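If you want the building blocks of each chain, they are given just below.
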Amino acid sequence: MNRSLIAYVSVVMLWVALPLSGLAQKRPGEAVTVKSVVIKGTVKPGAEVTAVIQFAVEDGYHTQANVPSEPNFIPAVLKFEPVTGLVVSPPKYPAGKEERIEGLPKPMKVYEETFEVLVPIKISEGAALPLSLPGVLTYQACKGATCFAPRKLKLTVALAPQG
């Protein structure tokens, strides 16, 4: 193969590969991940259990609490899709930490580092286990006084009998 053809093929491969490499990169404000999901209680038909979902917030970021300090701030909200055999009660959120942010006139209620959301779940008597409960955490991450567009983090709560 001659050198000009090799150079041409190399440039074409780079031209194709560079845009694809950007697909795996995080977008600004994607600062929350699921750290763990633990089920408290015995998973069986007719039982009531609690999913304890722990979220990790990337260093240097914070998210607005579920009840933000200002009405125009976007709260962290966890919602679940309906699943036959499960009744999901409203999640219980932590209060949020009052934090002074440089450049803002008053403290904000935020989540930093990690936060836990408790989700009460009633499993119906006729439920065919195991079941998966898909959900989405909508949140707005900020770095200092700079806030990013809201993001959605998909997650799944697995409900399977132990043993």
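Residues numbered from 1 in each chain as written. Predicted model: local features only at pLDDT ≥ 70, side-chain atom pairs only at ≥ 80, totals over all residues. Heavy atoms only, no water.

Caption draft 1: Summary view of unusual backbone geometry. In this structure, Pro130 follows Leu129 across a cis peptide bond, with omega equal to 5 degrees. Within the secondary structure, Pro130 is located in the loop between strand E8 (114-123) and strand E9 (131-139). Positioned with a positive phi, Glu113 is a non-glycine residue whose angle comes to about 60 degrees. You can call Glu113 exposed: its relative accessible area is 60%. (Helix = DSSP H or I, 4+ residues; strand = E, 2+ residues; numbered from the N terminus. Buried < 20%, exposed > 50% of the residue type's maximum accessible area, 1.4 Å probe, protein only.)

Caption draft 2: The state of the cysteines, seen in detail. All told, the structure shown has one disulfide when counted by the stated rule. In this model, Cys142 is linked to Cys147 through a disulfide, with the two sulfur atoms separated by 2.0 Å. Taking the torsion about the S-S bond as the criterion, the Cys142 to Cys147 disulfide, at about 100 degrees, is right-handed. Among the residues examined, Cys142 registers a relative accessible area of 0% and is labelled buried. (Disulfide = S-S within 2.5 Å.)

Caption draft 3: Just the sheet that holds strand E1 (residues 32-40), in detail. With respect to topology, four strands assemble into an open sheet ordered E1-E2-E8-E5, the strand pairing being antiparallel. Each edge of the open sheet carries a strand with a single partner, namely E1 and strand E5 (86-88). With strand direction ignored, the average angle separating the axes of adjacent strands in the sheet is 30 degrees. With three bridges joining them, E5 and E8 adopt antiparallel strand pairing. Residue pairing across strands places Leu86 opposite Ile123, the latter belonging to E8. (Pairing = 2+ DSSP bridges. Axes fitted to C-alpha atoms, helices over the stretch in contact; angles between N-to-C directions.)

Caption draft 4: View of the environment of Glu112. Within the secondary structure, Glu112 sits in the loop between strand E7 (108-111) and E8. For Glu112 and Phe55, which are 57 residues apart along the polypeptide, the C-alpha to C-alpha distance reads 9.6 Å. The contact partners of Glu112, leaving out residues within four places of it in the chain, are Val57, Tyr61, His62, Lys97 and Glu99. In this structure the side chain of Glu112 is engaged in a polar contact, spanning 3.1 Å, whose partner is the side chain of Lys97. (Contact = heavy atoms within 4.5 Å. Polar contact = N/O pair within 3.5 Å; in protein donor to acceptor, adjacent residues only side chain to side chain.)

Caption draft 5: Fine view of the nonpolar core. Ile53, Phe55, Leu78, Ile121, Leu137 and Val157 are the most contacted members of the largest nonpolar core, which totals 32 residues. Contributions of two or more residues to this core are made by E1, strand E2 (48-57), strand E4 (77-80), E8, E9 and strand E12 (151-159). Residues within four places of Leu137 in sequence aside, it is in contact with Val32, Phe55, Ala76, Val77, Leu78, Phe115, Arg151, Lys152, Leu153 and Leu155. (Core = buried A, V, L, I, M, F, W, Y, C linked by side-chain atoms within 4.5 Å.)

Caption draft 6: A look at the packing of aromatic side chains. Under the counting rule described, the total for this entry stands at three aromatic pairs. Plain terms: the ring middles of Phe55 and Phe115 are 5.1 Å apart, the flat faces sit at 25 degrees to each other, and that makes the pair stacked. In this pair, Phe55 sits in strand E2 while Phe115 sits in strand E8, placing the two residues 60 residues apart along the sequence. Members of the aromatic cluster, connected to one another through ring pairs, are Phe55, Tyr111 and Phe115. (Phe/Tyr/Trp six-rings, centres within 6.5 Å; stacked < 30°, edge-to-face > 60°.)

Caption draft 7: Spotlight on the sheet that holds E12. One open sheet holds the three strands; their spatial order is E4-E9-E12, and the pairing between them is antiparallel. Across the chains shown, the open sheet's two edge strands, defined by having one partner strand only, are E4 and E12. Between one strand axis and the next, the sheet turns by 25 degrees as a mean value, whatever way the strands run.

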